[in-house]
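Read off the chains here:
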Amino acid sequence: THNRLTMALRMIGDKVMGLMAAQYQKALGSQLATYGLRYEDLLNEDEKEVKEALELADPEVITGRTRRLKRAIDLNFKRKSLQDYSPNMELDMWKKEIYVDIEKIRARNQEYAQLNAHNKQ
């Protein structure tokens, strides 16, 4: 019965977290759309995996990211929304252009650390 109780609590917890995550994603998506940003644009360039992924990315990915960030800064300064200037613009806030590379770099680094763990002893 202990396992069933644990499993039931885990299922309830997962359901609650799923609902909370959906609400957070909706709120974040709204904020990103206000400035015409993508979720990936919020990733910190100072993290080594993000920095490496950006170095490996196509130049047009970097140009697009830079333009979106500059536009967002300008809109924020002017206290305007992207919808004020281009109301019909279609945005894909969740498009992944560098995240797949970031995940591969993290996996590679983790594998490297595991393979070289014996050197630390």
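Scroll up to find the structure this text is about.
Everything numeric in this text was worked out from a predicted model, so none of it was measured. (Residues numbered from 1 in each chain as written. Predicted model: local features only at pLDDT ≥ 70, side-chain atom pairs only at ≥ 80, totals over all residues. Heavy atoms only, no water.)

Visitor: I'd like a description of the packing of aromatic side chains, backed by residues and values.
Guide: Evaluation of the coordinates by the stated rule reveals one aromatic pair. Taking 5.8 Å as the distance between ring centres and 35° as the angle between the ring planes, the aromatic pair formed by Tyr 39 and Trp 94 counts as tilted. In this pair, Tyr 39 sits in the loop between α1 (2-35) and α2 (48-56) while Trp 94 sits in the loop between α4 (82-85) and α5 (99-115), placing the two residues 55 residues apart along the sequence. Exposure remark for Tyr 39: the relative accessible area of 37% places this residue in the partly exposed category. Judged by relative accessible area, Trp 94 falls into the partly exposed class, the value being 32%. (Phe/Tyr/Trp six-rings, centres within 6.5 Å; stacked < 30°, edge-to-face > 60°. Helix = DSSP H or I, 4+ residues; strand = E, 2+ residues; numbered from the N terminus. Buried < 20%, exposed > 50% of the residue type's maximum accessible area, 1.4 Å probe, protein only.)

Visitor: Give me the lowdown on the nonpolar core, citing residues and values where you can.
Guide: Among the nonpolar cores identified, the biggest contains nine residues, and these are Leu 43, Val 50, Ala 53, Leu 54, Ala 57, Val 61, Ile 98, Ile 102 and Ile 105. Elements represented by at least two residues in this core include exactly α2 and α5. In terms of residues, this core owes the most to one element, α2, which gives three residues. Leu 54 has contacts with Glu 45, Ile 62, Arg 65 and Ile 98, leaving out every residue within four places of it along the chain. Among the nonpolar cores identified, the runner-up in size contains six residues, and Ala 33, Leu 37, Ala 72 and Met 93 belong to it. (Core = buried A, V, L, I, M, F, W, Y, C linked by side-chain atoms within 4.5 Å. Contact = heavy atoms within 4.5 Å.)

Visitor: I'd like a description of the packing of α2 against α5, backed by residues and values.
Guide: Between two packed helices, the angle of one axis relative to the other and the distance separating the axes together describe the packing. Running from amino to carboxyl end, α2 crosses α5 at an angle of 125°, the nearest separation of the two axes being 9 Å. Relative to α5, the element α2 is oriented oblique. The two elements α2 and α5 cross, and the hand of that crossing is right-handed. Note on element contacts: α5 touches α2 through Asp 101, Ile 102, Ile 105, Arg 106, Arg 108 and Asn 109, opposite Lys 48, Glu 49, Val 50, Glu 52, Ala 53 and Leu 56. Residue classes in the contact of α2 with α5 are distributed as five nonpolar, one polar and six charged. (Axes fitted to C-alpha atoms, helices over the stretch in contact; angles between N-to-C directions. Parallel < 35°, antiparallel > 145°, perpendicular 65-115°, else oblique. Left-handed = near helix turned anticlockwise from the far one by under 90°. Nonpolar A, V, L, I, M, F, W, Y, C, P; charged D, E, K, R; others polar.)

Just distances and angles here, no functional claims.
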